[in-house]
Amino acid sequence: MATLAKPAPAAPRRGRTSATAELQTSRLVLAHMWLAFAAFGIAILLGVWQMWARSPVEAPYHTAANYFRSVTLHGVSMAYVLTTFFIMGFGYYVAETSLRRPLPGLSIAWGAYIVGLAGVLMAALSVLSGNASVLYTFYPPMTATPWFYIGITLTVVASWVWCVLMLVAMRQWKAANRGKPVPLVMYATVANAVMWLWTTVGVAAELLFQVIPAAFGFNSTIDVGLTRTLFSWTLHPIVYFWLFPAYIAFYTMAPRAAGGRLYSDTMGRLAFVLLLLYSLPVGMHHLMMDPEQSNGFKFVQMFLTALVTIPTLLTIFTITASFEIAGRMRGGRGLLGWVRTLPWDRPMVLATGLAFVMLFFGGGGGLINMSYGMNAMVHNTSWVTAHFHLIFGGTVVIMYFAIAYAIWPSITGRSFEDLRPLRIQLWMWFIGMMVMTLPWHWTGLWGQWRRVAAFDYSNPMIASWGPWVLVSLAGGVILALSGLLFIYNIALLHRAGVPGAPRTIAYAQAIHPPERVPASLNGFGLWNLLVALLMLVAYGYPIAQFFIDPPPQAMIHRLAE
Ligand code: HEM
Ligand SMILES: [Cu+2]
């Protein structure tokens, strides 16, 4: 292990992006990220109000119409706006800083941003006007005003442009660096772009061929089984799309922040291609209780879902090993002594530790959700909402904070004067998330429904949930305060902070930086072929059946006048 004792090298050689020159993409990255965080800031306040409305304490403006308007805006803001724009901004940043060449198509990227922004405003206004309270999953045969769906479609189109730009950036770099391995951070970003192209096919087909025509009034009926099947195509990999930046930070930022090196670059590549491969043909685990699909196909997809644990376990192993190396390099001894010597005062290290704790609880809940039998027990209860807040709002979003904290200095040219407010914010997010979601799981096990506008607490069974809902509400308040503190922390760096921060970032190096990697782990051709094959097996007949033997259709129920 003597060779490991060398500290990780300082900032890498500078290419065309010099340390003093501004990043070319910094305004583009900021535009994306500030839109993401603005949506986030509004959505956390709505979230707290929703928790309040579900509690025994009377909430202001509490009507069913307002509740569903709020949940739709909260869900769309968190699940579509925060994520998509954060991921796009981060991708542009990664492309420039890791490939060390200008981003191809900077003006195209700006064009896509404007289209996406227009889409967000269109969707948001539709929801605020009360004509789109259909939740972020659309719920046909209900239909909203068509402008809601068109707005969301425009955002998806913007994200497709991003995907293409990521692919082009990688291709250009490969052409200029023949035979060399694409930097892991970029390889992972492109893996996410490729996965996202596959992912959005389902929802795009649902919106373009079924829901938007229905919303315009061209049809009076809709095949709900088909809409749900197409949405399930998207619904699982979309959560991996959101999760990818967290994994990217685990592999390419956290080991360096901990003062060590990445245990294995190959393991990282493998984890990312497996995420691409296994997250697509599994969405039917969201249809376990639906009648339109047979047990056999549900079983196949449940089995494939179990395989998704492999890249997650690989990641936990690799990152823990990387942290152990860092801890031992800092003098940690014994079986677990290295845990104490890690620099927990650094936001990226702290966030990774807290993310892993939330991943542990959230992952356990996920195993229950994916089991056909146990799914019946938790189906459509608060358990489900609690589960995805813990994983998505917890593990994923805490890493979005850590990434923002890591890249903001290189974008603004200023570094944080004091890391304490950052640490407090991360701890509050962790504590708030645990306090909010653990009781929320519990009330779910007692049968509390999700997506319900009000509970009648005069009913003794419902009354017994009351104290736990109040605890959840307290967790929600801590979360909202943490979210606002996050926005304050990064906003402050635009005005204050220590000037002279380097305008670039160094990603974690592997212990054995790869000289060459197999072509299959330096591109996506093979993996695309395998995804196509798996999707054909998993979704071919389940979708074809609606055309071979069309089932009865449902009457469309229009929400908008
Ligand atoms: C202050 C923090 C938060 C609070 C208090 C909160 C609270 C809530 C509540 C009460 C609901 C409605 C549940 C129901 O009607 O069954 C909800 C829905 C939702 N939340 Fe949050 N939330 C918070 C943060 C987040 C975060 C950080 C995310 C993800 C990034 C998120 C994503 C969602 C989504 C996607 C829905 C829609 C669920 C559905 O349609 O069933 N929330 N949230
Ligand atoms: Cu899923």
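Just so we're clear, the structure is a prediction, and the values are computed from it rather than from any experiment.

1. Here's the deal with the overall build of the chain
Phase 1 of the analysis: Of regular secondary structure, the chain possesses 18 helices and 6 strands.
Phase 2 of the analysis: Counting only C-alpha atoms and orienting by the principal axes, one finds that the chain spans roughly 65 × 50 × 45 Å.
Phase 3 of the analysis: When the 561 residues of the chain are sorted by exposure, 59% land in the buried category.
Phase 4 of the analysis: Contacts spanning at least 24 positions in sequence make up 84% of the contacts within the chain whose residues lie at least 6 apart.
Phase 5 of the analysis: Here the chain displays about 22,500 Å² of accessible surface, and carbon together with sulfur accounts for 68% of that area.
Phase 6 of the analysis: Taking the 32 positively charged and 16 negatively charged side chains of the chain as two groups, their mean positions are separated by 15 Å.

2. Details of the site of ligand 1
Phase 1 of the analysis: What surrounds ligand 1 is a group of 25 residues, the closest being Tyr 67, His 74, His 389, Arg 450 and Arg 451.
Phase 2 of the analysis: Within the contact set of ligand 1, an oxygen atom lies 2.7 Å away from a side-chain nitrogen or oxygen of Tyr 67.
Phase 3 of the analysis: Within the side chain of His 74, one N or O atom sits 2.7 Å away from a nitrogen atom of ligand 1.
Phase 4 of the analysis: Of all the secondary-structure elements, those providing two or more residues to the shell around ligand 1 are helix 1 (26–54), helix 2 (64–99), helix 14 (382–412), helix 15 (420–445) and helix 17 (466–493).

3. Quick look at the environment of Thr 199
Phase 1 of the analysis: Its location among the elements puts Thr 199 in helix 5 (residues 184–216).
Phase 2 of the analysis: By relative accessible area, which is 0% here, Thr 199 ends up buried.
Phase 3 of the analysis: Residue contacts for Thr 199: discarding those within four places in its chain leaves Trp 233, Thr 234, Pro 237, Ile 238 and Leu 280.

4. Overview of the coordination of the copper ion (ligand 2)
Phase 1 of the analysis: Of the protein atoms, only His 236 (ND1), His 285 (NE2) and His 286 (NE2) coordinate the copper ion (ligand 2), at distances of 2.0 to 2.1 Å.
Phase 2 of the analysis: Within one chain, the residues donating to the copper ion (ligand 2) are spaced in sequence as H-x48-H-H. Pair noted here: His 236 is in helix 6 (residues 224–252) and His 286 is in the loop between helix 8 (265–279) and helix 9 (295–307), with a separation of 50 residues, a long-range link.
Phase 3 of the analysis: Residue classification places His 236 among the buried residues on the basis of a relative accessible area of 10%.
Phase 4 of the analysis: With a relative accessible area of 34%, His 286 lands in the partly exposed category.

5. Focus: the coordination of the iron atom of ligand 1
Phase 1 of the analysis: At this site the iron atom of ligand 1 is bound by His 74 (NE2) and His 389 (NE2), with donor distances of 2.0 Å.
Phase 2 of the analysis: Viewed at the metal, the 6 donor atoms of the iron atom of ligand 1 are separated by angles of 85 to 179°, and the geometry they form is octahedral. Of this pair, His 74 sits in helix 2 while His 389 sits in helix 14, and the two are 315 residues apart along the sequence. Each member of the pair, His 74 as well as His 389, carries the same accessibility label: buried.

6. Quick notes on the side chain of Asn 177
Phase 1 of the analysis: Counting through the fold element by element, Asn 177 comes out in the loop between helix 4 (146–176) and helix 5.
Phase 2 of the analysis: Of the residues examined, Asn 177 reaches a relative accessible area of 17% and is grouped as buried.
Phase 3 of the analysis: Within the structure, Asn 177 has its side chain in polar contact with the backbone oxygen of Trp 173 (distance 2.8 Å).

7. Points about the pattern of salt bridges
Phase 1 of the analysis: Enumeration over the complete set of coordinates arrives at 4 salt bridges.
Phase 2 of the analysis: When the shortest N-O distance is used, the salt bridge between Arg 269 and Asp 265 registers 2.7 Å. In this pair, Arg 269 and Asp 265 both sit in helix 8, 4 residues apart, roughly one turn of the helix.
Phase 3 of the analysis: We classify Arg 269 as buried; its relative accessible area is 1%.
Phase 4 of the analysis: Overall, the relative accessible area of 9% leaves Asp 265 in the buried class.
Phase 5 of the analysis: Between Arg 420 and Asp 418 there is a salt bridge, and its shortest N-O distance comes to 3.4 Å.

8. A few points about a nonpolar patch on the surface
Phase 1 of the analysis: On the surface, a nonpolar cluster with roughly 650 Å² of combined accessible area is contributed by Met 374, Met 377, Trp 442, Leu 445, Trp 446, Trp 468 and Val 471.
Phase 2 of the analysis: Sorting the residues of the nonpolar patch by element identifies helix 13 (372–378), helix 15 and helix 17 as the ones contributing at least two each.
Phase 3 of the analysis: Tracing the chain through its elements places Val 471 in helix 17.
Phase 4 of the analysis: Among the residues examined, Val 471 registers a relative accessible area of 32% and is labelled partly exposed.

9. A look at the packing of helix 6 against helix 14
Phase 1 of the analysis: Where helix 6 meets helix 14, the axes come as close as 9 Å, and the angle between the chain directions of the two elements is 55°. The angle between helix 6 and helix 14 falls in the class oblique. When the axes of helix 6 and helix 14 are compared, the crossing they make is left-handed. Where helix 6 abuts helix 14, its residues Trp 242, Leu 243, Pro 245, Ala 246, Ala 249 and Phe 250 lie against Phe 392, Thr 395, Val 396, Met 399, Tyr 400 and Ile 403.
Phase 2 of the analysis: Residue composition of the contact of helix 6 with helix 14, grouped by class: 11 nonpolar, 1 polar and no charged.

10. A short note on the environment of Tyr 278
Phase 1 of the analysis: Turning to its location among the elements, Tyr 278 is positioned in helix 8.
Phase 2 of the analysis: Separated by 42 residues in sequence, Tyr 278 and His 236 place their C-alpha atoms 10.0 Å apart.
Phase 3 of the analysis: Every residue in contact with Tyr 278, bar those within four places of it in the chain, is listed here: Leu 307, Val 308 and Pro 311.

11. Regarding unusual backbone geometry
Phase 1 of the analysis: In this chain, Pro 140 is followed by Pro 141 through a cis amide linkage whose omega measures 15°.
Phase 2 of the analysis: Residue position: Pro 141 is located in the loop between helix 3 (106–128) and strand 1 (142–143).
Phase 3 of the analysis: The phi dihedral of Tyr 61 is positive, around 60°, even though this residue is not glycine.
Phase 4 of the analysis: A relative accessible area of 69% means that Tyr 61 is categorised as exposed.

12. Looking at helix 10 (residues 309–329)
Phase 1 of the analysis: Its 21 residues give helix 10 an end-to-end C-alpha distance of 30 Å, which sits within 8% of 30 Å, the value for a rise of 1.5 Å per residue.
Phase 2 of the analysis: Of all the residues in helix 10, the buried ones are Pro 311, Thr 312, Leu 314, Thr 315, Thr 318, Ile 319, Ala 321, Ser 322, Phe 323, Ile 325, Ala 326 and Gly 327.
Phase 3 of the analysis: Structurally, helix 10 contributes buried residues whose contacts are with helix 6, helix 7 (254–257), helix 8, helix 9, helix 11 (337–341) and helix 12 (347–370).

13. Re the UniProt feature "domain: Cytochrome oxidase subunit I profile" (unreviewed entry) in the chain
Phase 1 of the analysis: Using the residue numbers shown here, the UniProt feature "domain: Cytochrome oxidase subunit I profile" (unreviewed entry) corresponds to residues 39–514.
Phase 2 of the analysis: For residues 39–514, the end-to-end C-alpha separation is 40 Å, with 73% helix and 2% strand making up the annotated structure.

14. Describing the side chain of Arg 269
Phase 1 of the analysis: Among the polar contacts listed, one links the side chain of Arg 269 to the side chain of Asp 265, at a separation of 2.7 Å.
Phase 2 of the analysis: Beyond its immediate sequence surroundings of up to four residues, Arg 269 is in contact with Pro 181, Val 182, Pro 183, Leu 184, Tyr 187, Val 517, Leu 521 and Asn 522.

15. Some words on helix 9
At 3.6 residues per turn, the α-helix brings residues three or four places apart onto the same side.
Phase 1 of the analysis: Compared with the 18 Å implied by 1.5 Å per residue over 13 residues, the 19 Å span of helix 9 between its first and last C-alpha is a close match.
Phase 2 of the analysis: All of the buried residues in helix 9 are Lys 298, Gln 301, Met 302, Leu 304 and Thr 305. Axial view of helix 9: buried residues confined to an arc of 165°, hence all on one face.
Phase 3 of the analysis: Buried residues along helix 9 sit in contact with helix 10, helix 12, helix 13 and helix 18 (525–548).

Reading guide: rules and limits
Position numbers for residues count from 1 along each chain, tracking the sequence in the order it is written. Numbering of ligands from 1 and lettering of chains from A proceed in the order in which they are written. The predicted origin of the model limits local features to residues at a pLDDT of at least 70 and limits the giving and counting of side-chain atom pairs to 80 or more, whereas totals for whole chains, interfaces and linings rest on all residues. Values reported for side chains reflect all heavy atoms of the structure, with hydrogen atoms and water molecules removed beforehand. Secondary structure is summarised from DSSP: a helix means a run of H or I of at least four residues, a strand means a run of E of at least two, and numbering begins at the N terminus for each. Here's how the labels work: a residue is buried when its accessible area is under 20% of the maximum for its type, exposed when over 50%, partly exposed in between, all with a 1.4 Å probe on protein chains only. What makes two residues a contact is simply this: any of their non-hydrogen atoms within 4.5 Å. To measure how exposed things are, a 1.4 Å probe is used in the Shrake-Rupley method; for residues, cover is taken only from the protein chains shown. Charge counting follows a simple rule: Lys and Arg are positive, Asp and Glu are negative, and His as well as the terminal groups are ignored. By convention, the point assigned to a charge is CZ for Arg, NZ for Lys, CD for Glu and CG for Asp. Here a residue counts as near a molecule or strand whenever at least one of its heavy atoms sits within 4 Å of it. Any pair of nitrogen or oxygen atoms within 3.5 Å is treated as a polar contact; in protein, a donor-acceptor pairing is required on top of that, and neighbouring residues in sequence qualify only through side-chain atoms on both sides. Distances define the donors: N, O and S atoms within 2.8 Å of the metal qualify, as do those within 3.2 Å of Na, K or Ca. Water is excluded, so some sites may look unfinished. Only four donors with every angle between 85 and 135 degrees are called tetrahedral; only four or six donors with opposite donors over 155 degrees apart and all others between 65 and 115 are called square planar or octahedral, in that order; all others are irregular. Here, a salt bridge means any side-chain nitrogen of Lys or Arg that lies within 4 Å of a carboxyl oxygen of Asp or Glu. Patches were defined on residues exceeding 30% relative accessible area and lacking a salt bridge, with like-charge contacts within 9 Å and nonpolar side-chain contacts (Val, Leu, Ile, Met, Phe, Trp, Tyr) within 5 Å. Note on method: axes are straight lines fitted to C-alpha atoms, helices fitted across the in-contact stretch only, with angles between N-to-C directions ranging 0 to 180 degrees. Note that the term roughly parallel is reserved for angles under 35 degrees, roughly antiparallel for angles over 145, roughly perpendicular for angles of 65 to 115, and oblique for everything else. Crossing chirality is assigned from the near helix's rotation relative to the far helix, an anticlockwise turn below a right angle marking it left-handed and a clockwise turn marking it right-handed. When residues are sorted by character, Ala, Val, Leu, Ile, Met, Phe, Trp, Tyr, Cys and Pro go into the nonpolar class, Asp, Glu, Lys and Arg into the charged class, and all the rest, Gly among them, into the polar class. Multiplying 1.5 Å by the helix residue count minus one yields the expected span of that helix. UniProt positions are given in the numbering used here, feature names are shortened, and annotations may be inferred rather than shown by experiment. It is the directions from the helix axis to the C-beta atoms that the arc portrays.

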